[in-house]
Amino acid sequence: MTADIVRLSSADADLVVRCRPYTEILYWGPKLRRFSPEDVVSLQRPVANGKLDVDLPLTFAMEYGRGQFGSPGIEGHRGGRNASPVFTTLKVEASDSSLIVISEDEQASLQLISELRLEPQTGVLQIRHTLKNLHHQAWELERLAVTLPVPERAVEVMAFHGRWLREFQPHRVKLEHGGFIQESRRGRSSHEYFPAFVVGEAGFSEQHGTVWGVHLGWSGNHRLRADVKTDGRRVVQAEALYLPGEISLGEGETCSTPWVYAAFSQNGLNGMSQAYHTYLRQSLIRFSGSQARPVHLNTWEGIYFDHDPAYIMQMASKAAEIGVERFIIDDGWFRGRNHDQAGLGDWYLDEEKYPQGLMPVIEHVHALGMSFGIWVEPEMINPDSDLFRAHPDWVLQLPGYQQPTGRYQYVLDLSHPEVFDYLLERLSWLLSEHPVEYVKWDMNRELVQPGHEGKLSADAQTHQFYRLLDELNWRFPHVEIESCASGGGRIDYGVLARTQRFWVSDNNDALERQAIQRGMSYFFPPEVMGQHIGHRRCHATQRQHSIGFRGLTALFGHMGIELDPIQSDDEELEGYRHYIKLHKALRPLLHSGTTWRLDMPDNTVQISGVVSQDQTCAVFLMAQLQMLNYSLAGNVRFPGLLPDTQYQVSLLDGPEIKTVREGGGAMRELPSWLRQPIVVSGDWLMQAGLALPVLMPESALLINIIKV
Ligand code: GLA
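Just so it is clear, the model here is predicted, and its values are computed rather than measured.

Parameters at a glance
- Residues numbered from 1 in each chain as written.
- Predicted model: local features only at pLDDT ≥ 70, side-chain atom pairs only at ≥ 80, totals over all residues.
- Heavy atoms only, no water.
- Helix = DSSP H or I, 4+ residues; strand = E, 2+ residues; numbered from the N terminus.
- Expected span 1.5 Å × (residues − 1).
- Buried < 20%, exposed > 50% of the residue type's maximum accessible area, 1.4 Å probe, protein only.
- Pairing = 2+ DSSP bridges.
- Axes fitted to C-alpha atoms, helices over the stretch in contact; angles between N-to-C directions.
- Salt bridge = Lys/Arg side-chain N within 4 Å of Asp/Glu carboxyl O.
- Near = heavy atom within 4 Å.
- Polar contact = N/O pair within 3.5 Å; in protein donor to acceptor, adjacent residues only side chain to side chain.
- Areas by Shrake-Rupley, 256 points an atom, 1.4 Å probe, with all protein chains shown as cover.
- Phe/Tyr/Trp six-rings, centres within 6.5 Å; stacked < 30°, edge-to-face > 60°.
- Lys NZ or Arg CZ within 6 Å of the ring centre and 35° of its normal.
- Parallel < 35°, antiparallel > 145°, perpendicular 65-115°, else oblique.
- Left-handed = near helix turned anticlockwise from the far one by under 90°.
- Contact = heavy atoms within 4.5 Å.
- Nonpolar A, V, L, I, M, F, W, Y, C, P; charged D, E, K, R; others polar.

*Asks:* Give me helix α1 (residues 268–283): which residues, what numbers.
*Replies:* If you check α1, its first and last C-alpha atoms are 23 Å apart, about what 16 residues at 1.5 Å a residue would give, namely 22 Å. Extensive coverage of α1 is indicated by the burial of 12 of its 16 residues. Restricting attention to buried positions, one finds in α1 the residues G268, L269, N270, G271, M272, S273, Q274, A275, Y276, H277, Y279 and L280.

*Asks:* Mind laying out the sheet that holds strand β38 (residues 678–681), listing which residues take part and the relevant values?
*Replies:* Taken together, six strands build an open sheet; the order of strands is β33-β34-β35-β40-β37-β38 and the sheet is antiparallel. Bordering the open sheet on either side are β33 (594–597) and β38, each of which pairs with just one other strand. Strand-to-strand twist of the sheet, defined as the mean angle between neighbouring strand axes without regard to direction, takes the value 25°. Taken together, the eight bridges between strand β35 (residues 617–624) and strand β40 (residues 699–707) define a ladder with antiparallel strand orientation. Bridged to M622 within β40 is L701.

*Asks:* With reference to specific residues and values, describe the sheet that holds strand β3 (residues 24–30).
*Replies:* Reading across the sheet, the three strands line up as β1-β2-β3 and stay open at both edges, with antiparallel pairing between neighbours. Sheet topology places β1 (5–9) and β3 at the edges, where each strand pairs with a single neighbour. Averaged over all pairs of adjacent strands, the angle between their axes in this sheet comes to 15°, without regard to strand direction. Pairing geometry for β1 and strand β2 (residues 13–18), over five bridges, is antiparallel. When the sheet's bridge partners are listed, V6 is paired in β2 with V17.

*Asks:* Could you give an account of the pattern of salt bridges, with specific residues and numbers?
*Replies:* Two side chains that carry opposite charge are able to pair once their charged atoms sit near each other. What the rule picks out here adds up to 46 salt bridges. D384 serves as the salt-bridge partner of R389, at 3.0 Å between the closest nitrogen and oxygen. Given the relative accessible area of 38%, D384 is considered partly exposed. Its salt-bridge partner being E471, residue R475 comes within 3.1 Å of it at the nearest N-O pair. With a gap of four residues between them, R475 and E471 both fall in helix α7 (residues 458–475), about one helical turn apart. On the basis of relative accessibility, which here comes to 24%, the residue E471 falls in the partly exposed class. Among the charged side chains, a network of salt bridges with common partners joins E75, R143, E183, R185, R223 and E239.

*Asks:* How would you sum up the site of the ligand? Please name residues and give values.
*Replies:* Near the ligand, the surroundings consist of 13 residues, among which D330, D331, R407, K440 and D506 are the closest. Between the ligand and R407, the relevant distance is 2.8 Å, taken from an oxygen atom to a side-chain nitrogen or oxygen of the residue. Between the ligand and the protein, one listed contact pairs an oxygen atom with a side-chain N or O atom of D442 at 2.9 Å. Considering the ligand on its own, with 310 Å² of exposed area, one finds that the protein chains cover 96% of that surface.

*Asks:* Describe in detail the packing of aromatic side chains, supporting the description with residues and values.
*Replies:* In total, this model carries 28 aromatic pairs according to the counting rule given. Ring centres 5.8 Å apart and planes at 75° place the aromatic pair F160 and F194 in the edge-to-face group. Residue F160 is found in strand β11 (residues 156–163), and its partner F194 is found in the loop between β13 (178–184) and β14 (196–200); the two are separated by 34 residues along the sequence. Their ring planes at 55° and their centres at 5.8 Å tell us that W394 and Y422 sit as a pair that is tilted. With a gap of 28 residues between them, W394 in the loop between α5 (386–390) and β25 (410–411) and Y422 in helix α6 (residues 417–433) connect regions that are remote in the sequence. Judged by relative accessible area, which is 4%, W394 ranks as buried. Aromatic rings pair up to connect F160, F168, F194, Y261, Y276, Y279, Y493, F502, Y522, F523 and F524 into one cluster. The side chain of R293 reaches across the aromatic face of F287, ending 3.5 Å from its centre. Of note, R490 hangs over the ring of F465, and the distance from its end group to the ring centre comes to 3.5 Å.

*Asks:* So what's going on with the packing of helix α10 (residues 547–554) against helix α11 (residues 570–590)? Which residues, and what values?
*Replies:* Viewed as axis vectors pointing N to C, α10 and α11 meet at an angle of 25°, and their least axial separation amounts to 10 Å. Our classification of the angle between α10 and α11 gives roughly parallel. In terms of crossing hand, the pair formed by α10 and α11 is right-handed. Across the interface between the two elements, I547, G548, R550, G551 and L552 from α10 touch E572, G575, Y576 and Y579 from α11. Taken together, the residues of the contact of α10 with α11 break down into four nonpolar, three polar and two charged.

Scope: geometric values only; no functional claims are made or implied.
Laid out in C-alpha cells, this is it:
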C-alpha cells in the first residue's frame, strides 16, 4: 500500500496519517467503524487572518522551516548552515499496523526515516525517527523528537515527580497556554521525572475519561513536552535530551530517537495501563508468563556490608524454610567494600570475608532449592579503589575540572574501550566462574560533566550501558537482571527490554509503597515490580507497620523479603511464611490478570486489584491509608466482572479486622460479607457494590471474588 492517507488499525484505537507530500497524524482515537481516505477532507483547516498565508501541518518533524513557531521536532546545523530543514516524503511503506515513511530535505542533505507500529490488539503505538546525514560535512544534531498531535480536548496533564525514597508521585497540571516541560539531565531515567506522562479530557480519572499516554523508552537524559500552540492545537513531544556537541553525524551516519510508546484509552487510566501491561507482556518482557517469579530474599537491609559466609548460609537456610526461592547477596562481597566509601570498580571477591570463595554459599543456596543472585554496580568507581589508583583516567569527566562525588563515587567512561572490556571481563568472570542466576544491577549516582575525550558523552554512556547489558544477555541468557538505581532511578521500557525486574524504591515503608507502587502501575504490570517486606520499623522512615500491612503491600508484585530472618521474632517469621505462601497461591493470577485501580470518593481508602483474563476470579486490596474522612468507607463497585455470573465474595486476608468486642477500635459490627461469604451476581457487584469495612489507618485487607 502506498496511499497518501494511511490508516493503522487495532482492536480499540486507530491512527490516520497523511503521508504525502509531508507527514501528519490526522487522527489518533477510538477505532473507526467506517473510514475511507476521502473522509479526511472534513479536517481541512481554514487559514486564519493575521497569520502566515498557508496552512501549517503538524508534521512528524514539526519543522520550524514551515513556519511552526513552537517547539520544533528537529534542530541542528552544519557549521551554521542547513539549520532549518523541511522534509518532503519520498517513500511510504504501509500495512494495517505499520508505517515507514522516508522523507528528505535535498537542500540540507538530510533524510528522515519514521517508523510507526500500532500493535493490533492493544493499540499501543510504537514510534521513532531516524535522521541520516547525506552530506560529506557533519551535521550537528541538537534535538530530534517524536511529536504526536492530540485533540483540543486534551486539556490536562498527569506527570510524575519524585526523589530517592519517593518515586512515581503523580501530579496534575492544566494545559491551557504555553507548555508543560519536563527535562532530566541526570544520565538516567531518574527518580525525579519518570519519562512519561498522560494527557486527557478534563477530569479524567482511573475509570473515566479519554486519555493519551506517552512514554519514552530510554534510560538516559530526556525531555518531554505537552504544548498548546497559539492556534489552540495541542502536541506532545518526547525525545532523548542531547547535551551540547554530543551528536555530530558524519556522512551516512544516523541518529535514532528512542522508541516512544503511546497508548490511547476511552476508559480512563485503567484502559491505558491495561493496554501497556498487555503490550509489555506480549512484546517486551523477557520471561514467559509461565515462568513464575521466584520469591526473593535480599540481604541488604538485613546485614548491609557485614558479610560472614557462615552467617549468610544460616540466613539462607532460614529463608528456604519460610518459602524463599531466590537468595541474593547484596553490596559488600567484593574487595575493599566494608562501607560505601571504597571498593567500587574492584570486582574481585573479598577473600578476607570469603576465604573459601563464593562457591560454598552458592552451593548451600542451591542445595536448599533456591537460585542465587548477587549485586553489582558496574558503571561506578570509588576514588578509594585499586581500579582508580591504576586508572584515574577511566572516569567519565571533562579534563581540567574537579568532578563532585556522589555517594563517594565517580562514574566510569563506558565509551572508553578498555573500560568496557574490563567490565565485560569482570562480569563474565563472575557469571561464568559461579553458577549465578540473577544479578541486581545498581547505579547510585548521577552524571555530572560526563566527558569522553574532552566532549560531553551522556547519550553515548547510556548506549554503552545498553551494549554491556546486551552483550551479557547474549553470553549468559539464563541470568536474570534487576534494574536498580538507588531504588527506582532507572525504570523505563528501554532497560526493561534488557532486564527482568525493577527495584522500585529503597523505601520499604508499606504506606509509602502504596503510593509508589500505584504510581508505577500506570505503566508497568505487577510482575516486574520488586516489592519486599521490610523490617517492622522501616529503615527509610522509622515508621512501624504490622506484618499484615507490610505483607499485603508487597503481595501483588515480584515479591521478596529484605531483612535478616534470623533476627526476626516468631510472629514476624510466621508472617513472612504466611504472605509468601499466599503470594505463591495468587501469583499466577496476579502476574497474568488485568490490573484495576479504582476511583474512590474518599481518598483515604485505596483499592486496586487484579481480575483474571477469563473474569472468573479476582482479588482486590483495600488499603486504609489514613483515618477515614467519614465514619463509613462506603460501597465499592468492582470493575471487570461478568454481569451474568454469580460470584462468591469473601475475605481472603485481613489480620487486623476486629470488632470493638474483639479488641479492635474502628467497628462495632462487621459488614455481613465479613462474617460469612456471600454469593451475588457480577452485575450487582459492578453496579451496586460491596459495603466496605471501617479499617484502622495503615492497615489493609484482601477481598476474594470467585465464580461459583
Ligand atoms: C542502592 C540500592 C539498594 C542497595 C544499596 C547497596 O542504594 O538501591 O537496594 O543495593 O545500593 O549499596
